Amino acid sequence: MDLKTPEARAVVRAWTSQWVIDQFERLRDFERTHLTFPEDWQNAAFGGSHHLRLTADELAQLAGQLNAVLEPWRELTTSRVESSEAPPDTRPVFIFYHAFPQEP
């Protein structure tokens, strides 16, 4: 898609807006239903927010570090999906995070 056209940029903006809404809707769903999960799953779930003061380069480094932390878990998931040999107590786990600059 050529993002040089106003139409293409509008499509990307609409898709991105819906993507963010969908992520927060998943979190809302979990918050509404978390007590229906077994206690070990309730205790394992986590969330957090942090306010940092970084340069653009530091934020890019943080993104790289977070992706590096998640990479082994992505590889484990891929191998389980491809082999169809996941332990019976596995569940899909949704992780989302956003890091972006704010006005000073």
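Residues numbered from 1 in each chain as written. Predicted model: local features only at pLDDT ≥ 70, side-chain atom pairs only at ≥ 80, totals over all residues. Heavy atoms only, no water.

Draft legend 1. Examining the overall build of the chain more closely. For the chain, the helix and strand inventory stands at 3 helices and 0 strands. In the chain, the succession of α and β elements from N to C terminus is α-α-α. By the compact-globule yardstick of 13 Å for 104 residues, the chain is too spread out, its C-alpha radius of gyration being 18 Å. Its C-alpha atoms give the chain principal-axis dimensions of roughly 45 × 35 × 30 Å. When each of the 104 residues of the chain is scored for burial, the buried share is 3%. Restricting the contact set of the chain to residue pairs at least 6 apart, pairs at least 24 apart contribute 53%. Here the chain displays about 9500 Å² of accessible surface, and carbon together with sulfur accounts for 59% of that area. Once the 10 positive and 16 negative side-chain charges of the chain are each reduced to a mean point, those two points are 7 Å apart. (Helix = DSSP H or I, 4+ residues; strand = E, 2+ residues; numbered from the N terminus. Rg over C-alpha atoms; globule rule 2.2 N^0.38 Å. Buried < 20%, exposed > 50% of the residue type's maximum accessible area, 1.4 Å probe, protein only. Contact = heavy atoms within 4.5 Å. Areas by Shrake-Rupley, 256 points an atom, 1.4 Å probe, with all protein chains shown as cover. Lys, Arg positive; Asp, Glu negative; His and termini not counted. Charge placed at Lys NZ, Arg CZ, Asp CG, Glu CD.)

Draft legend 2. Fine view of unusual backbone geometry. Notably, S84 is not glycine yet its phi reads approximately 55°, a positive angle. Structurally, S84 can be placed in the segment after helix 3 (56-83). Take S84: its relative accessible area is 66%, and that puts it in the exposed class.

Draft legend 3. How the structure looks around the layout of surface pockets. Empty space within the largest pocket amounts to approximately 2700 Å³. Around the largest pocket, the lining comprises 50 residues; the ones closest to its centre are F46, F94, I95, F96 and Y97. Listing elements by their share of the lining of the largest pocket, those giving two or more residues are helix 1 (6-33), helix 2 (39-44) and helix 3. Ranked by the residues each element gives to the lining of the largest pocket, the list is headed by helix 3, at 13 residues. Of the residues belonging to the lining of the largest pocket, the class tally is 30 nonpolar, 12 polar and 8 charged. (1 Å grid on protein atoms, 1.4 Å probe; cavity = no way out; pocket = protein on both sides within 12 Å on 5 of 7 lines; lining within 4 Å. Points joined across faces, edges and corners; volume = space filled by probe spheres on them. Nonpolar A, V, L, I, M, F, W, Y, C, P; charged D, E, K, R; others polar.)

Draft legend 4. How the structure looks around a nonpolar patch on the surface. A cluster of nonpolar residues, L66, V93, I95 and Y97, forms a patch on the protein surface that exposes about 370 Å² of accessible area. Within the secondary structure layout, L66 lies in helix 3. (Patch = residues over 30% accessible without salt bridge, like charges linked within 9 Å, V, L, I, M, F, W, Y side chains within 5 Å. Salt bridge = Lys/Arg side-chain N within 4 Å of Asp/Glu carboxyl O.)

Draft legend 5. Looking closely at the side chain of Q23. By secondary structure assignment, the location of Q23 is in helix 1. Taking the relative accessible area as the measure of exposure, Q23 reaches 6% and is therefore buried.

Draft legend 6. Examining helix 3 more closely. The terminal C-alpha atoms of helix 3, which comprises 28 residues, lie 40 Å apart, in line with the 40 Å expected from a rise of 1.5 Å per residue. Residue S84 follows helix 3 closely and has a positive phi angle near 55°. (Expected span 1.5 Å × (residues − 1).)

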